[in-house]
Structure formats: structure tokens, C-alpha cells
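The chain contents come next:
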Amino acid sequence: MSLPFLTSRRKAGLRPTSPTSGLTDLHCRILPGFNDGPETLEQSMALIRQLHKTGFRRLIATPHVMRGFYAPSPDQVRVVTAQVRQATQSEGIDISIVAAAEYYVDDGLLTTLRSRGDLLLFSPSRSTPESLLLVETSLITIPDSWMELIELLSNRGLVPVLAHAERYVYLQRNRDLAFFLRRQGVKFQIDLPSLMGRNGTNPQHLAEWFIEQDLVSYIGSNAQSENHLRDVKQALTLPHGRLATRGVVLKVTSGE
């Protein structure tokens, strides 16, 4: 299998296999009535049926939370999540729906952390305690408050997951920064459609690089409607998509 953008490295260990059921979608907009998600419960259920058909068995529902723009309370998200969960159970769909959110790193999030307020946390698996928080930043620059964020999260025993990490220009321009963030305890989530070039070639190449460097902890569809799932399904058939879902690392060394 030729990966032409790895021009100066030896490729080894690339053994893609077909994706199977059991995937976790860590970043999806399946809850009706929140910002850019489905408008109705039926639209939400149509999306969930397709995600289930694609192979996902655990969905982390992540509506936006951003001061001055999107302000759902944790209880509002939990109530709607419970409604969606009940609907899936009524249909007999074997899928887990988890209430969470995508928090923009701003004064609102920092204030909540300082006051030890309620946050929509989730767990890395069904059997582990809730300790993860999905966060996003400006696509252009890492915020000045980043170090305070890390300290506040650490004080509460929480782990930040950086949403759609491949889309940040500051990581595209400085890939070494990804290793620095990892040393801080940050985990990375990538959107599968980026592997199809949906967000441009720079995010696509960075997503591939994250996978090659074994830096990807979680994948997500970032699905808001059924129209978004075509890229998700196709990405899962790509070598990098299969590596990301299987936890198989493309090991590379210098030289040819």
C-alpha cells in the first residue's frame, strides 16, 4: 500500500481490516433541538439508525457550549439525552447514548471549572468512571488561558479531549505542539470525514499524521444529519480509517 505523502519514511505494519460493529462515536450532534443538530426526535432517530448500521454502538452526544452563543445547561442536555435513549430502546436499537458536550475554551468554561460547577463529563468506556471533557478552541490559535485550563482540569482529576484536532491551524503549522499537548495529558479526537478531505487537504494530512504517530485516542463522525454519513462510511474503508478504528499503528522510521 503506497502512502505518497510519506516520502522520506519507511512504511511498515499497515494491515487494515474491515471495520466491525462496536465503534464509539465520540463527537456527534444527535440530540434534537440543540444548535446545529437535528430539529426533531424523528430526525435524530434517523441519524442514529444510520450510525448503528455503520457499526457504532456507543454515541457521545456533544452539542456546542459557548458563552454568548450556545448555552444549554447540563440538565437540559441530560433530559433530551434520556428521551433519545428511551426512543432507541423502544425501537430495540442496541446502542448506548451518552450525554456530553463540546465546550469552547472561554471564560464561561473557566468560570465553571473554578467554581467546580456542573459539567457534562463522560467516560472512555462503559466500565470506567466519568473523567473526560471534550473541548475545542479557536481554529487559528491556542488560547492564552490554555495553561490555566489544564491546571483546573488536573485539580479536578479530569482529562481534556481536544475535538477534531486535525482542524486546528496551530497544529497544522507546528506538529511538535501535539506532542507537547500529549505530555500535558491531552487526548486527541479526529473527525472521520477529514480523512475524506471534507475540511481540506491540511486537515486531511494532519489527521493521517495523527494516526501514524499513534496520537489518536478517539474518533468521531461529527454527524449532524444523514447527509454527513456518506463521508464517515467511506472513511472507515480507507487504510487510515481502519487503522484509527482498530488501534493499529502505522509504524514509521526514517530513511527508505
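The sections below set out a description of the structure shown in this document. Remember, it's a predicted structure, so these values are computed and weren't measured experimentally.

### A closer look at the nonpolar core
- Residues I30, L59, L109, L162, L171, F188 and F210 are the most contacted members of the largest nonpolar core, which totals 66 residues.
- One finds I60, V98, F122 and Y218 within the second-largest nonpolar core, a separate group that totals ten residues.

### Examining the packing of aromatic side chains
- In the structure shown here, the tally under the stated rule is four aromatic pairs.
- Taking the centre distance of 5.0 Å and the plane angle of 45° together, the rings of F188 and F210 count as tilted. Highlighted residues: F188 in strand β9 (residues 187-191) and F210 in helix α7 (residues 201-212), separated in sequence by 22 residues. An identical accessibility class is assigned to F188 and F210; each is buried.
- By way of ring pairs, the aromatic residues F179, F188, W209 and F210 are connected into one cluster.

### Notes on the pattern of salt bridges
- All told, the structure shown has seven salt bridges when counted by the stated rule.
- Of the charged contacts, one joins E91 and R49 as a salt bridge, the two residues approaching to 2.7 Å between their closest N and O atoms. One end of the pair, E91, is in helix α2 (residues 74-91); the other, R49, is in helix α1 (residues 41-54), with 42 residues separating them in the sequence.
- Exposure remark for E91: the relative accessible area of 42% places this residue in the partly exposed category.
- Where D231 meets R198, a salt bridge forms, and the shortest distance between an N and an O atom there is 3.4 Å. Here D231, found in helix α8 (residues 229-235), pairs with R198, found in the loop between β9 and α7; they are 33 residues apart in sequence, far enough to count as distant.
- Through salt bridges with shared partners, a single network forms among E42, R49 and E91.

### Here's the deal with the environment of I211
- Summarising the element assignment, I211 is placed in helix α7.
- A residue is classified by how much of its surface remains accessible, and I211, at 5% relative accessible area, is buried.
- Remark: the alpha-carbon pair of I211 and A244, spanning 33 residues in sequence, is separated by 6.1 Å.
- Residues in contact with I211, not counting those within four places in the same chain, are I190, L195, V216, H240, L243 and A244.

### Topic: helix α9 (residues 239-246)
- For α9, a buried count of six out of eight residues is recorded, marking the element as mostly surrounded by other parts of the structure.
- Inspection of α9 places P239, H240, G241, L243, A244 and T245 among the buried residues, and these make up the whole buried set.
- Tucked into the core, α9 has its buried residues touching β2 (23-28), α7, β10 (216-220) and α8.

### Things to note about the sheet that holds β2
- As summarised here, the arrangement of the three strands in space is β2-β3-β5, forming an open sheet in which the pairing is parallel. Each edge of the sheet is formed by a strand with only one pairing partner; in this case those strands are β2 and β5 (96-99). Direction aside, the axes of adjacent strands within the sheet are offset by 20° on average.
- Here four bridges tie strand β3 (residues 56-61) to β5, and the two strands are oriented parallel to one another. Counted as the bridge partner of A61 is A99 from β5.

### Quick look at the side chain of H27
- Within the secondary structure, H27 sits in strand β2.
- Judged by its relative accessible area of 0%, H27 falls in the buried class.
- Among the polar contacts made by the side chain of H27, one reaches the side chain of E102 at a distance of 3.5 Å.

### Section: the pairing of β10
- In terms of burial, β10 is a largely internal element, four of the five residues being buried.
- Across four bridges, β9 lies against β10 in parallel orientation. Residue pairing across strands places Q189 opposite Y218, the latter belonging to β10.
- With α7 bridging β9 and its parallel neighbour β10, the resulting β-α-β unit is right-handed.

Cut-offs and rules
Residues numbered from 1 in each chain as written. Predicted model: local features only at pLDDT ≥ 70, side-chain atom pairs only at ≥ 80, totals over all residues. Heavy atoms only, no water. Core = buried A, V, L, I, M, F, W, Y, C linked by side-chain atoms within 4.5 Å. Buried < 20%, exposed > 50% of the residue type's maximum accessible area, 1.4 Å probe, protein only. Phe/Tyr/Trp six-rings, centres within 6.5 Å; stacked < 30°, edge-to-face > 60°. Helix = DSSP H or I, 4+ residues; strand = E, 2+ residues; numbered from the N terminus. Salt bridge = Lys/Arg side-chain N within 4 Å of Asp/Glu carboxyl O. Contact = heavy atoms within 4.5 Å. Pairing = 2+ DSSP bridges. Axes fitted to C-alpha atoms, helices over the stretch in contact; angles between N-to-C directions. Polar contact = N/O pair within 3.5 Å; in protein donor to acceptor, adjacent residues only side chain to side chain. Right-handed = clockwise from strand over helix to strand, strands pointing away.

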